[in-house]
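Listed below, chain by chain, are the residues.
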Amino acid sequence: MLENLAYCLNATAPIFLLMLLGLVFRRLGFFSQAFADKLNDFVFKVGLPVMLFKDLVESDFFTVWDGPFVLFCFLATLGSILLTAALSLFCRERPLRGEFIQVGYRSSIALLGAAFLENLYGTAGAASLVIIGAVPLYNVAAVTVLSLTSPQQSGLNRAALKKALKGIVTNPIILGIAAGLVWTLLDIPQPQILQKTVSSLSATATPLGLMALGASFDLKKALGRWKPAFAATAVKLVLLAALFLPIAVAMGVRDDKLVAALAMLASPTTVSSFVMARSMGHEGTLTASTVMLTTFFSILTLTLWLYLLRTLGLI
């Protein structure tokens, strides 16, 4: 039992300690919000794409690829969206429903999922499969629900949908995965100079991203819409994983892919959801509150989920 707990803490504790360091650095004046935003931008556009590219290039694509698992990720994400949409009907204010739906299903799979997999298995290759299965749907669904519930427009329009599709095609993380797949499939040699440069850039993604996330934490925002925010937090960290992880287990998903599925279902709401909510005319308070609360409480819930999976011999 203690061995399993130590295994789980070795996966989660370094992640949240880096986030805590980011918060401490913000308090000490080393990080400002503007600097944290720039770090997030760097990690999203450079660090994570390079890390996922590196993992795919260094692995055998035909060994890593798992069509049924990618399909599970897509269907589980679709189910999560439909479930949170049904639960959002309890929100009296219509604009809050769109925010509730987005924060309820949209995970930090690229950052935290990759961090967990790197800590446990030394590679984030399985995160690429989740991203392929879930992230395009994340973006299209977010634009759709936020447009339909926006106080500034009557519903989904062509411009918003075009923006969502363009966002998918130009998403740096998707581009990094695509480049890694092409490089691997064509068996392009990687000179040592390039390999070392890619490895160095890749190593920046997790620590910088986690510290930037911690530096962005704001307790006042976390209490802005506390009732729907706590409800969305329970959905995000507990309910979705409780519903869909048993299906993954029944399909035979194990080890790194099961951890990747857990990150997809039960990791904190991604910070980018706040940017999207604001850009679509929403207040954003519920989104900011849920991002903060899911980040804080996931320290406990993710450790417990990992402990359960480890105790059951699934990872």
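Please read these numbers as outputs of a predicted model, since none were measured by experiment.

A. Spatial organisation of the pattern of salt bridges. Enumeration over the complete set of coordinates arrives at 2 salt bridges. We note a salt bridge from D41 to K45, for which the minimum N-O separation is 3.4 Å. A residue pair is termed a helical-turn pair when its members lie 3 or 4 positions apart in one helix, as D41 and K45 do in helix α2 (residues 33–57) at 4 residues. Judged by its relative accessible area of 49%, K45 is partly exposed. With a shortest N-O distance of 3.0 Å, D66 and K257 are connected by a salt bridge.

B. Inspection of the nonpolar core at higher detail. By size, the foremost hydrophobic cluster in this structure holds 73 residues, and its most contacted members are F72 and M264. V103, A229, A232 and L293 belong to the second-largest nonpolar core, a separate cluster that totals 8 residues.

C. Quick peek at the side chain of S108. Residue placement: S108 occurs in the loop between α5 (94–105) and α6 (109–121). When its relative accessible area of 8% is taken as the criterion, S108 is described as buried. Among the polar contacts made by the side chain of S108, one reaches the main-chain amide nitrogen of T270 at a distance of 3.5 Å. Those residues in contact with S108 that lie beyond four places of it in its chain are G113, S267, P268, T269 and T270.

D. How the structure looks around the packing of helix α12 (residues 226–250) against helix α15 (residues 285–311). At a minimum axis separation of 8 Å, α12 and α15 run at an interaxial angle of 40°. Relative to α15, the element α12 is oriented oblique. Of the two elements, α12 crosses α15, and the hand of that crossing is right-handed. Each of P228, A229, F230, A232, T233, K236, L237, V238, A241, A242 and L245 in α12 lies in contact with α15, whose residues at this interface are L286, S289, T290, L293, T294, F297, S298, T301 and W305. Taken together, the residues that form the contact of α12 with α15 break down as 13 nonpolar, 6 polar and 1 charged.

Rules behind the numbers
- Residue numbers restart at each chain and count upward from 1, following the sequence in its written direction.
- Whole-chain, interface and lining totals are the exception, using all residues; otherwise, since this is a predicted model, local features are given only for residues with pLDDT of at least 70 and side-chain atom pairs are given and counted only at 80 or more.
- Values reported for side chains reflect all heavy atoms of the structure, with hydrogen atoms and water molecules removed beforehand.
- Definition used for salt bridges: Asp or Glu carboxyl oxygen within 4 Å of a side-chain nitrogen of Lys or Arg.
- Only DSSP runs of H or I covering at least 4 residues are called helices, and only runs of E covering at least 2 are called strands; the numbering of each starts at the N terminus.
- Between buried and exposed lies partly exposed: a residue is buried under 20% and exposed over 50% of the maximum accessible area for its type, with that area taken using a 1.4 Å probe on protein chains only.
- Throughout this description, the term nonpolar core refers to a set of buried Ala, Val, Leu, Ile, Met, Phe, Trp, Tyr and Cys residues connected via side-chain atoms within 4.5 Å.
- Under this definition, polar contacts are N or O atom pairs within 3.5 Å; protein pairs additionally need one hydrogen-donor-capable and one acceptor-capable atom, and for neighbouring residues in sequence, both atoms have to be side-chain atoms.
- We call two residues in contact when some of their heavy atoms are within 4.5 Å.
- Fitting a line to C-alpha atoms yields each axis, with helices limited to the stretch in contact; the angle taken between N-to-C directions then spans 0 to 180 degrees.
- We call two directions roughly parallel when the angle between them is under 35 degrees, roughly antiparallel when it is over 145, roughly perpendicular when it lies between 65 and 115, and oblique otherwise.
- By definition, any crossing whose near helix is turned counterclockwise from its far helix by less than a right angle is left-handed, and any crossing with a clockwise turn is right-handed.
- Any residue outside Ala, Val, Leu, Ile, Met, Phe, Trp, Tyr, Cys, Pro, Asp, Glu, Lys and Arg is labelled polar, Gly included; the first ten of those are nonpolar and the last four are charged.

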